[in-house]
Amino acid sequence: MKEEQRFVLVDENVLPTIFQKVLLAKQYLLKDEAQNLTEACKMADVSRSAFYKYKDSITYYEDIQTQKDITIYLKLSDEPGILSSVLYVLYEFKANIITLNQNVPSETVASVTITVRMEKAGSYEALMEHLRQLRGVLTVRRL
């Protein structure tokens, strides 16, 4: 029988150097500072085998806890500037747009689905309320 998976929160400064190097290599890849895994490992001074051994077992706490993907469905009036005002509100809330899909307007209404990553997971309610207040936004709901 497989043991239950347990997680431990540990200060980065007490981790063995190998874990810090794996985290660094992952950051190089995520930020496109390295062209490929081999280059990221060289930059972080970690072997590829060590990287592969630990890459799925170590991540920054903030990456798990403070970011949240949210999908929002909107019905917008088919008027110039409405979608732009929605995007500006997302910018104000520091929401990173992951996907944006807009259907062809039908009877002066356009359906839009936007998936965003929020820096602060709890701030989505305020975002939703702000979107509801915008001129031309007919419907806002979280999927």
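As shown above, the structure is provided for reference.
Residues numbered from 1 in each chain as written. Predicted model: local features only at pLDDT ≥ 70, side-chain atom pairs only at ≥ 80, totals over all residues. Heavy atoms only, no water.

A. Seen up close, the overall build of the protein chain. For the protein chain, the count of helices and strands is six helices and four strands. Ordered by position in the sequence, the α and β elements of the protein chain form the string α-α-α-α-β-α-β-β-α-β. Since a compact globule built from 143 residues should have a radius of gyration of about 15 Å, the 21 Å found for the protein chain marks it as more spread out than a globular shape. In terms of overall dimensions, the protein chain has a C-alpha envelope of 60 × 35 × 30 Å along the principal axes. For the protein chain, long-range pairs separated by at least 24 residues make up 64% of all intrachain contacts whose partners lie at least 6 apart in sequence. A total accessible area of about 10100 Å² is found for the protein chain, and carbon and sulfur atoms account for 49% of it. Side chains of the protein chain carry 18 positive and 19 negative charges; the gap between the two charge centres is 4 Å. (Helix = DSSP H or I, 4+ residues; strand = E, 2+ residues; numbered from the N terminus. Rg over C-alpha atoms; globule rule 2.2 N^0.38 Å. Contact = heavy atoms within 4.5 Å. Areas by Shrake-Rupley, 256 points an atom, 1.4 Å probe, with all protein chains shown as cover. Lys, Arg positive; Asp, Glu negative; His and termini not counted. Charge placed at Lys NZ, Arg CZ, Asp CG, Glu CD.)

B. Looking closely at the side chain of Ser 111. The residue Ser 111 is located in strand β3 (residues 109-118) in this model. Within polar-contact distance, the side chain of Ser 111 engages the side chain of Tyr 73 at 3.3 Å. Setting aside chain neighbours within four positions, we find Ser 111 in contact with Tyr 73, Leu 74, Lys 75, Asn 101, Gln 102 and Asn 103. (Polar contact = N/O pair within 3.5 Å; in protein donor to acceptor, adjacent residues only side chain to side chain.)

C. Expanded view of the pairing of strand β2 (residues 95-102). Relative to β3, β2 runs antiparallel, the two being bridged by seven bridges. Considered in β3, the bridge of Asn 96 is made with Arg 117. (Pairing = 2+ DSSP bridges.)

D. A look at the packing of aromatic side chains. The tally for this structure, following the rule as stated, stands at three aromatic pairs. Aromatic pair Phe 51 and Tyr 52: ring centres 5.9 Å apart, planes at 80°, arrangement edge-to-face. Using a relative accessible area of 44% as the deciding quantity, one classes Tyr 52 as partly exposed. Between Tyr 88 and Tyr 91 the ring centres are 5.7 Å apart and the planes differ by 40°, which places this aromatic pair in the tilted class. Highlighted residues: Tyr 88 and Tyr 91, both in helix α5 (residues 82-92), separated by three residues, approximately one helical turn. We classify Tyr 91 as exposed; its relative accessible area is 58%. (Phe/Tyr/Trp six-rings, centres within 6.5 Å; stacked < 30°, edge-to-face > 60°. Buried < 20%, exposed > 50% of the residue type's maximum accessible area, 1.4 Å probe, protein only.)

E. Expanded view of the nonpolar core. Of all hydrophobic cores here, the largest spans 19 residues; its most connected members are Ile 72, Leu 74, Val 86, Val 116 and Leu 131. If you list the elements that add at least two residues to this core, you get β1 (68-77), α5, β3, α6 (124-132) and β4 (137-142). Every residue in contact with Val 86, bar those within four places of it in the chain, is listed here: Leu 74, Leu 76, Ile 114, Leu 131, Leu 134 and Val 137. Counting 13 residues, the second largest nonpolar core, distinct from the first, contains Leu 23, Ala 25, Val 46 and Ala 50. (Core = buried A, V, L, I, M, F, W, Y, C linked by side-chain atoms within 4.5 Å.)

F. Seen up close, the pairing of β1. Direction of pairing for β1 relative to β3: antiparallel, over a ladder of 10 bridges. When the bridges of β3 are listed, Asp 69 appears paired with Arg 117. Alignment of β1 against β4, held across five bridges, turns out to be antiparallel. When the sheet's bridge partners are listed, Leu 76 is paired in β4 with Val 137.

Interpretation note: all reported values are geometric properties and have no functional meaning in isolation.
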